[in-house]
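Commentary on secondary and tertiary structure
If you want the building blocks of each chain, they are given just below.
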Amino acid sequence: EGEACGLVKNLALSTHVTTDDDEAPIKQLCFSLGVEDVHLSCPDSLYAGEACHVFLNGIILGVHKRPEMLICTLRQLRRRGY
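This part covers the environment of L56. Relative to the assigned elements, L56 resides in strand 2 (residues 52–56). Considering only alpha carbons, one finds L56 and K27, 29 residues apart in sequence, at a separation of 7.8 Å. When residues no more than four places from it in sequence are discounted, the contact partners of L56 are E23, I26, K27 and L61.

Turning our attention to the sheet that holds strand 3 (residues 59–64). Pairing is antiparallel across the open sheet formed by 3 strands, whose spatial order is 1-3-2. With partners counted over all chains shown, the strands left at the sheet margins are strand 1 (36–37) and strand 2, one partner each. Of the strand pairs in this sheet, strand 2 and strand 3 are connected by 5 bridges, and their pairing is antiparallel. Pairing of L56 across the sheet is with I59, part of strand 3.

What counts and how
- Residues numbered from 1 in each chain as written.
- Predicted model: local features only at pLDDT ≥ 70, side-chain atom pairs only at ≥ 80, totals over all residues.
- Heavy atoms only, no water.
- Helix = DSSP H or I, 4+ residues; strand = E, 2+ residues; numbered from the N terminus.
- Contact = heavy atoms within 4.5 Å.
- Pairing = 2+ DSSP bridges.

As structure tokens, then:
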């Protein structure tokens, strides 16, 4: 399918699809790991150069200024079964 093939492959490798699970524990975990709530953020922080948007099931949760640390922590927790 051309260029989109790599995008789909990377998305498939980096996601875990679940159904009918409560989002609240994941939201709380993200906020405790430093995600700034989009509803409490000023518009300037949403588009700051170092900020990375964090989505949960297609809905923006907020922004994080150290996305590498967030991803690393989430992966470690997932691998430990949390």
